[in-house]
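Chain residues, written in single-letter form:
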Amino acid sequence: MSSTFDQIATIIAETCDIPRDTITPESHAIDDLGIDSLDFLDIAFAIDKAFGIKMPLEKWTQEVNDGKATTEQYFVLKNLAARIDELVAAKSAGA
Amino acid sequence: MQLDYFRLIDRIVELDLEARTIVVEAQVPQAHTIFEGHFPGFPIMPGVLLTEAMAQSSGWLLLGVTRFERMPFLAMVKEAKMRGFVSPGQLLTIEAKIEHEGSGFAVTSAKARVGKELKCSADLTFRQIPFPDPSLRVHMDAVANAIGFPLQAMTP
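A brief structural summary. (Residues numbered from 1 in each chain as written. Chains lettered and ligands numbered in written order. Predicted model: local features only at pLDDT ≥ 70, side-chain atom pairs only at ≥ 80, totals over all residues. Heavy atoms only, no water.)

Examining the overall build of chain A
Here is the rule: The helix count covers DSSP runs of H or I at least four residues long, the strand count covers runs of E at least two residues long, and both are numbered beginning at the N terminus. Atoms counted for the radius of gyration: C-alpha only. Globule rule: 2.2 Å times residue count to the power 0.38. We call two residues contacting when some pair of their heavy atoms lies within 4.5 Å. All accessible-area figures derive from a Shrake-Rupley calculation using a 1.4 Å probe, and residue coverage is judged against the displayed protein chains alone.
Each helix and strand counted, chain A has five helices and zero strands in total. Compactness check: chain A gives a C-alpha radius of gyration of 13 Å against a globular reference of 12 Å for 95 residues, within 12% of the reference. Its C-alpha atoms give chain A principal-axis dimensions of roughly 35 × 35 × 20 Å. Counting contacts in chain A only where the partners sit at least 6 residues apart, residues at least 24 apart contribute 55% of the total. Here chain A has roughly 5,100 Å² of accessible surface; of this, 52% comes from carbon and sulfur atoms.

What about the pattern of salt bridges?
Oppositely charged side chains are able to pair whenever their charged atoms sit close together. Here is the rule we go by: Whenever Lys or Arg places a side-chain nitrogen within 4 Å of a carboxyl oxygen from Asp or Glu, that contact is recorded as a salt bridge.
Tallied over the entire structure, the rule returns 12 salt bridges over all chains. Among the ionic pairs, B:K81 bridges to B:E79, the shortest N-O distance being 3.7 Å.

Details of the pairing of strand β5 (residues 105–114) of chain B
Residues and elements named next belong to chain B. Here is the rule: Throughout, exposure labels follow a simple rule: accessible area from a 1.4 Å probe, protein chains only, divided by the maximum for the residue type, with under 20% read as buried, over 50% as exposed, and the rest as partly exposed. Being paired, for any two strands, means DSSP has found at least two bridges between them.
For β5, a buried count of eight out of 10 residues is recorded, marking the element as mostly surrounded by other parts of the structure. In terms of strand pairing, strand β4 (residues 91–101) meets β5 through nine bridges, oriented antiparallel. In the sheet register, T93 faces β5, and the bridge partner there is R113. In sequence, β4 turns back onto β5 through a hairpin of three residues, with G104 there showing a positive phi of about 85°. Of the pairings in the sheet, the one linking β5 to strand β6 (residues 117–130) comprises 10 bridges and is antiparallel in character. Within the sheet, the bridge partner assigned to F105 lies in β6 and is R127. Connecting β5 to the next strand, β6, in antiparallel fashion are two residues, including G115 with a positive phi near 65°.

Points about a nonpolar patch on the surface
Residue and element names in this part refer to chain B. Threshold: Note on patches: the residues involved have over 30% relative accessible area and no salt bridge, like charges join within 9 Å, and the nonpolar side chains Val, Leu, Ile, Met, Phe, Trp and Tyr join within 5 Å.
A surface patch of nonpolar side chains, amounting to about 320 Å² of accessible area, comprises F39, F42 and F85. On the secondary structure map, F39 appears in the loop between α1 (33–37) and α2 (47–65). Given a relative accessible area of 40%, F39 falls into the partly exposed group.

A short note on the interface of chain A and chain B
Applied cut-off: Once two parts are brought into contact, the accessible area they lose, counted with a 1.4 Å probe and summed over both, makes up the buried area. Polar contacts here mean pairs of N or O atoms no more than 3.5 Å apart (in protein, one a potential hydrogen donor and the other a potential acceptor; neighbouring residues in sequence count only if both atoms are side-chain atoms). Three classes are used, and their members are as follows: Ala, Val, Leu, Ile, Met, Phe, Trp, Tyr, Cys and Pro are nonpolar, Asp, Glu, Lys and Arg are charged, and the others, Gly among them, are polar.
The partner chain B presents 14 residues to the 13 residues of chain A that form the contact. Summing the contributions of chain A and of chain B, the shared interface buries around 1,100 Å²; its carbon and sulfur component is 59%. The three residues of chain A that bury the most area against chain B are A:L41, A:F45 and A:E58, which together make up 46% of that side's buried surface. Viewed at the interface, chain B and chain A are joined by two salt bridges. Residue B:K78 is joined to A:D42 by a salt bridge in which the shortest nitrogen-to-oxygen separation is 2.7 Å. The tally of links from chain A across to chain B stands at seven residue pairs in polar contact (both at pLDDT 80 or more). Residue assignment for the side of chain A that touches chain B shows that the elements contributing at least two residues are α2 (37–51) and α3 (57–65) of chain A. Residue contributions to the side of chain A that touches chain B peak at seven residues, all from α2(A). Its residues assigned to classes, the side of chain A that touches chain B comprises eight nonpolar, one polar and four charged.

Next up, the structure:
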């Protein structure tokens, strides 16, 4: 079974037409991969579907705008994978 | 349809918030200047307007689901297929369904028919944001009333 990072890297590669081998756990979705907010909607849709979750994008954005979090915490892919794992675990615990 | 006001939807036939579906009707006008250019001797509804009609249908569904708390703005059109010509005077029946409700966005699928014949379909993505201006909310309330938006469907 592929890792969460591998799955989201594949989703990003297919959704945004970015070569898969340029996407690493350290890649920042916005700063390094140049993904804009519209493409990120597409990615969020695919991730939500693939993992059966609802990524709280609005909450994350608000936290960044309020200075309570950095974009790195959510948009560096290894961190995004960790957030997704947390959401999946929380969903499993609540099921 | 009131094409000059970009109001593509005439009537909400059915709104099922539990099933996340809507059915609307849209009467294509018998005559309009659009048909003089699109096309001379062969007037048909432009595909962009059919897409907009599917988007507005989806939009009313999303407004119902969010209880008019969020205004949906069209962000993405995928798999838009114009499957047959739509002529002046025809009555479109448009069905839309929510495929996914994300955080600040939603994805719908929509189909438009004339009679039983499928004329077009598309997958649509919307950003959903709080109403950016109170006058827009007032306007949407007025249009909702005009097209028979079933407010009772939103009561628990």
